[in-house]
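# Breakdown of the fold
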Amino acid sequence: MERTLILDCNNKVGQEIRVCGWVQTRRDHGKIAFLDLMDRSGIIQVFCRGEDVKEIHPQDVICITGLVNSRPENLINSNLATGKIELHAKQIEVLVKAAELPFDMGGKDLDLQLPTLLDHRPLTLRHPKVKAIFKVQEVVIDAFRKALTEKDFIEFQAPTIVPAATEGGAEIFPVDYYQYKAYLGQSPQLYKQIMVGVFERVFTVGRAYRAEPSVTTRHLSEYISLDCEFGFIESWSEVPDLAEDVIKRIFSEVEKRCGRELELYGVGVPQIAGKLPRIKLTEAQQIIKTRTGREVIGEPDLSPEDEREITEWAKEKHGSELIIITHYPTSKRPFYTYPDPEDPEHTLSFDLIGRGVEWFTGGQRINDHQQLLESMKKKGVNPENFQLYLQAFQYGLPPEGGFAIGAERVTMHILGLSNIREASLFPRDMERVDVRLSTIKK
RNA sequence: GGGACCGUAGCGCAGUUGGUUAGCGCGUCUCCCUGUCACGGAGAAGGUCGCGGGUUCGAGUCCCGUCGGUCCCGCCA
């Protein structure tokens, strides 16, 4: 008999069907018992004879043939998409037995410490609440693609093995490359700029690698970078304008397609009222000083505490949980960042900050070959290492800009997760590559 | 790289000013249960309290070391 998806059982009342999935829980009442069965579409309650399910355990993979019945009024479960029906099992076929679970998967929440959650990733990812994170992430990435494709952007694939540091300074992973040394790319930055010379408007969904020796709740050694870049900008502010469009699109898609997932976490997408507030770094610092008395003026960047404070301000003052901070100091930004012609100490760059941390970073780039060479010189970056990149400018690149989004950060903050590792399927950090590094030999 | 905190059963936790046989919830196993949906009820198994040393009549508890982990800062997406 052909397999029916669990959610489709709602339309099969009175019919005999066959469903397959994983056992979530067994509620044994002696002569009768209930199984909750889950497949990719949802969960259904199966009514069974007690003797038939004595050996059935959570995560066993089974197929059930039976009759779809509507439940009596008083037995309807309004928390379940299939709560008005149940399946009366006639035949139970065990495809695969699961080993005894190391923890309880049946509850609404998966109450585990982070190391346990990650040590058992193939199992914990199956939990509805964990699964929901990656459904949201898929929609975040898809919305990014859609928003840009609709604006005539072209997707390209950036390499991740690179010859030298992308942005100078930051820590990178070396790779043994035949008899030479290569690195894992920190960002597709240079390639997306080159691609502006090809397609004008480009984006890429790629991986970025950072060997920063930092263990925090918002850093990964490998993360998903949503990068875009576009040419022929008339004004630098077109860049944050586009970033704003993209994040709004991400929110609207998540809201539209992830209602159930948001509900599981009891959250909504961040509130935005109209246009995002957009202020210069120095203005932000003035506000923070006025509000807290902290001496932040003149600092080259916002500390995490400052970021929390300024998002709080944006919420109170503008009803927006997101804010765009612009004009970071030239000294703090990479060599390709465009200095403000009216104030060369600051750049035409921005961060999009939400719920207390950076989500996006971007800005206008230097597109003049000579100016770029000078900027590299000032930053102590050797142009010799960037010959291929520099060709793009040598042979004419229009005024351009772009931004990058951390997909895990966006996912994390939409759902209110406390650690970015929860928003990464198989997080890599200083202490883990699938398994804890402390448990393997060097 | 700097700092703070935490390691007690498979999992999540409690354990008082140091005091006798180290507890609770979930899970597991046995038994009971025809309407539960985190089902319920009765019982059982499961721990050298991360490891090493010290103080003490006595250490899960205090001290030192060590290993493992979490969080904050710097840096960033």
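From a predicted model like this one, the values you see are computed outputs, not experimental measurements. (Residues numbered from 1 in each chain as written. Chains lettered and ligands numbered in written order. Predicted model: local features only at pLDDT ≥ 70, side-chain atom pairs only at ≥ 80, totals over all residues. Heavy atoms only, no water.)

### Focus on a nonpolar patch on the surface
- On the surface, a cluster of nonpolar side chains totalling about 520 Å² of accessible area is made up of Ile161, Tyr177, Tyr178 and Tyr180.
- With respect to the element layout, Tyr180 can be found in strand 9 (residues 180-184). (Patch = residues over 30% accessible without salt bridge, like charges linked within 9 Å, V, L, I, M, F, W, Y side chains within 5 Å. Areas by Shrake-Rupley, 256 points an atom, 1.4 Å probe, with all protein chains shown as cover. Salt bridge = Lys/Arg side-chain N within 4 Å of Asp/Glu carboxyl O. Helix = DSSP H or I, 4+ residues; strand = E, 2+ residues; numbered from the N terminus.)

### Some details on the protein's contact with RNA strand B
- RNA strand B sits among 50 residues. The nearest are Asp28, Gln45, Arg218, Arg409 and Asn419.
- Arg27 is positioned such that a nitrogen or oxygen atom in its side chain is 2.9 Å from a base oxygen of RNA strand B.
- One of the side-chain nitrogen or oxygen atoms of Gln45 is found 2.6 Å away from a base oxygen of RNA strand B.
- When contributions to the surface near RNA strand B are tallied by element, the ones reaching two or more residues are strand 1 (16-28), strand 2 (32-39), strand 3 (42-49), helix 1 (114-119), helix 8 (304-318) and strand 17 (357-365).
- Here the surface near RNA strand B gets four residues from one element, more than from any other, and that element is strand 17.
- Per-class residue counts for the surface near RNA strand B are 15 nonpolar, 17 polar and 18 charged. (Near = heavy atom within 4 Å. Polar contact = N/O pair within 3.5 Å; in protein donor to acceptor, adjacent residues only side chain to side chain. Nonpolar A, V, L, I, M, F, W, Y, C, P; charged D, E, K, R; others polar.)

### Regarding the environment of Arg249
- With respect to the secondary-structure elements, Arg249 resides in helix 5 (residues 238-257).
- Sequence separation between Arg249 and Leu148 is 101 residues, and the spatial gap between their C-alpha atoms is 9.9 Å.

### Some details on the sheet that holds strand 1
- If you trace the five strands once around the closed barrel, you get 1-2-3-5-4, paired in mixed fashion. Here the strands of the sheet are splayed against their neighbours by 55° on average, with no regard to which way each runs.
- As paired elements, strand 1 and strand 2 share six bridges and run antiparallel to each other. When the bridges of strand 2 are listed, Val23 appears paired with Leu37. (Pairing = 2+ DSSP bridges. Axes fitted to C-alpha atoms, helices over the stretch in contact; angles between N-to-C directions.)

### Overview of the domain arrangement of chain A
- For chain A, the assigned domains are domain 1 (6-96) and domain 2 (121-439).
- Relative to domain 2, the C-alpha centre of domain 1 lies at a distance of 45 Å.
- Across the contact, six residues belong to domain 1 and five residues belong to domain 2.
- Together domain 1 and domain 2 conceal approximately 420 Å² of surface at their shared face, both sides included; 49% is due to carbon and sulfur atoms.
- Looking at the side of domain 1 facing domain 2, the largest losses of area belong to Trp22, Met38 and Gln59, adding up to 63% of the total buried there.
- If you look at where domain 1 meets domain 2, you find one residue pair in polar contact (both at pLDDT 80 or more).
- Breaking the side of domain 1 that touches domain 2 down by element, the ones donating at least two residues are strand 1 and strand 2.
- Broken down by class, the residue content of the side of domain 1 that touches domain 2 amounts to two nonpolar, three polar and one charged. (Domains from an automatic or database assignment. Contact = heavy atoms within 4.5 Å. Buried area = accessible area lost by both parts, 1.4 Å probe.)

### A short note on the state of the cysteines
- A complete count under the given rule lists one disulfide for this structure.
- Cysteine Cys9 remains unbridged, with the sulfur of Cys20 as its closest cysteine sulfur at 11 Å. (Disulfide = S-S within 2.5 Å.)

### What to know about the sheet that holds strand 18 (residues 400-406)
- A sheet is described by the order of its strands in space; here eight strands give the open sequence 6-10-11-18-17-16-13-12, paired in mixed fashion. Among the strands making up the open sheet, the edge pair consists of strand 6 (154-155) and strand 12 (278-280).
- Judged from the six bridges that link them, strand 16 (residues 349-354) and strand 17 form a sheet pairing that is antiparallel. Following the sheet pairing, Ser349 is matched in strand 17 by Gly363.
- Against the sheet, helix 7 (residues 281-292) touches strand 12 and strand 13 (322-326), its axis set at about 90° to strand 12.
- In this fold helix 11 (residues 407-415) packs onto strand 11 (222-231), strand 17 and strand 18, with an angle of close to 55° to the strand it touches most, strand 18.

### What about the pattern of salt bridges?
- Scanning the entire structure with this criterion turns up 38 salt bridges.
- A salt bridge links Asp245 to Lys151; its shortest N-O distance comes to 3.5 Å. Of this pair, Asp245 sits in helix 5 while Lys151 is found in the loop between helix 3 (128-149) and strand 6, placing the two residues 94 residues apart along the sequence.
- Residue classification places Lys151 among the partly exposed positions, given a relative accessible area of 33%.
- In this structure, Arg278 engages Asp241 in a salt bridge whose closest nitrogen and oxygen atoms are separated by 2.8 Å. (Buried < 20%, exposed > 50% of the residue type's maximum accessible area, 1.4 Å probe, protein only.)

### Remarks on the nonpolar core
- Core analysis: the largest hydrophobic core is formed by 82 residues, its most contacted members being Phe144, Ile250, Val254, Trp359, Phe403 and Ile414.
- Sorting elements by how many residues they give to this core places helix 3 first, with twelve residues.
- If near-sequence neighbours (up to four positions away) are discounted, Trp359 is found in contact with Ile247, Phe251, Pro270, Leu322, Leu352, Gly354, Ala404, Ile405, Gly406, Val410, His413 and Ile414.
- Of all hydrophobic cores here, the second largest spans 18 residues; its members include Ile17, Val23, Val46 and Val53. (Core = buried A, V, L, I, M, F, W, Y, C linked by side-chain atoms within 4.5 Å.)

### Re helix 8
- For helix 8, spanning 15 residues, the distance from its first C-alpha to its last is 21 Å, which sits close to the expected 21 Å at 1.5 Å a residue.
- Taken as a whole, helix 8 has its buried residues at Asp306, Glu307, Glu309, Ile310, Thr311, Trp313 and Ala314.
- Buried residues belonging to helix 8 abut strand 12, helix 7, strand 13, strand 16 and strand 17.
- Among the residues trailing helix 8, Gly319 stands out with phi positive, at a value near 60°. (Expected span 1.5 Å × (residues − 1).)

### Quick look at the packing of aromatic side chains
- Taken as a whole, this structure holds twelve aromatic pairs when the rule is applied.
- Centroid distance Phe144 to Phe203: 5.6 Å. Interplanar angle 85°. Geometry classified as edge-to-face. One end of the pair, Phe144, is in helix 3; the other, Phe203, is in strand 10 (residues 201-209), and 59 residues separate them in sequence. A single burial state applies to Phe144 and to Phe203, both of which are buried.
- Here the aromatic rings of Tyr389 and Phe393 are separated by 4.9 Å at their centres, their planes lie at 70°, and the arrangement is edge-to-face. Here Tyr389 and its partner Phe393 are both found in helix 10 (residues 387-394), four residues apart, which amounts to about one turn of the helix. For the pair Tyr389 and Phe393, a shared accessibility class is recorded, and that class is buried.
- Put simply, the rings of Phe335, Tyr336, Phe386, Tyr389 and Phe393 pair up and form one aromatic cluster.
- Residue placement shows Lys129 over the ring face of Tyr265; its charged tip is 4.8 Å from the ring centre. (Phe/Tyr/Trp six-rings, centres within 6.5 Å; stacked < 30°, edge-to-face > 60°. Lys NZ or Arg CZ within 6 Å of the ring centre and 35° of its normal.)

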